[in-house]
Amino acid sequence: MTSAAAAGSPVDGLLATLSIVLSLLVAAWALVATLRHRAPDRAQFAGLLALELALLGLAVLALIALGGGERPGEPGAFFGYLVTLVCLPPLAWVLARMEPTRWGSAIVCAVCLVTPVVVVRLQQTWEVLGG
């Protein structure tokens, strides 16, 4: 795989950027709720749902690319990050529902701050052969 092929990776682009921005917006909303001593609200849960849909779209793009013969530079790490990525919003949802206090909002905030890091690591594990 050349660096030109890695630059066109399926986990890089508009959907990845949308996932990162959406995750940071939900994190900011949850941080405000935490600082105001508020439990997770419908807006946070709607944000988690939208984030999950974007991340599932990213996962589908990656799987389509894999089906088309493209390969990540570090397959083991790539699949680990991919599975982790699609599990983060549901995990935040469940834990926030279990903790209907400001700490539930803090959980949503923390998970939404971790998500962009996992997206970037997913991109890096795909492109490792190109670098």
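Residues numbered from 1 in each chain as written. Predicted model: local features only at pLDDT ≥ 70, side-chain atom pairs only at ≥ 80, totals over all residues. Heavy atoms only, no water.

J.: How would you sum up helix α4 (residues 75–98)? Please name residues and give values.
T.: End to end, α4 covers 34 Å across 24 residues, agreeing with the expected 34 Å (1.5 Å per residue, within 8%). The sharpest bend along α4 reaches about 35° and sits at L88, with the proline P89 one to four residues further on. Looking at α4, one finds that the buried residues are F78, L82, L85, V86, L88, P89, A92 and A96. Contacts from the buried residues of α4 go to α3 (42–67) and α5 (102–127). (Helix = DSSP H or I, 4+ residues; strand = E, 2+ residues; numbered from the N terminus. Expected span 1.5 Å × (residues − 1). Bend = angle between axes of the 7 residues up to and from the residue. Buried < 20%, exposed > 50% of the residue type's maximum accessible area, 1.4 Å probe, protein only. Contact = heavy atoms within 4.5 Å.)

J.: Just give me the short version of the environment of R71, but keep the residues and values in it.
T.: As for its placement among the helices and strands, R71 is situated in the loop between α3 and α4. Between the C-alpha atom of R71 and that of A39, which follows or precedes it by 32 residues, the distance is 42 Å. Only 2.8 Å separates the side chain of R71 from the backbone oxygen of L66, close enough to count as a polar contact. (Polar contact = N/O pair within 3.5 Å; in protein donor to acceptor, adjacent residues only side chain to side chain.)

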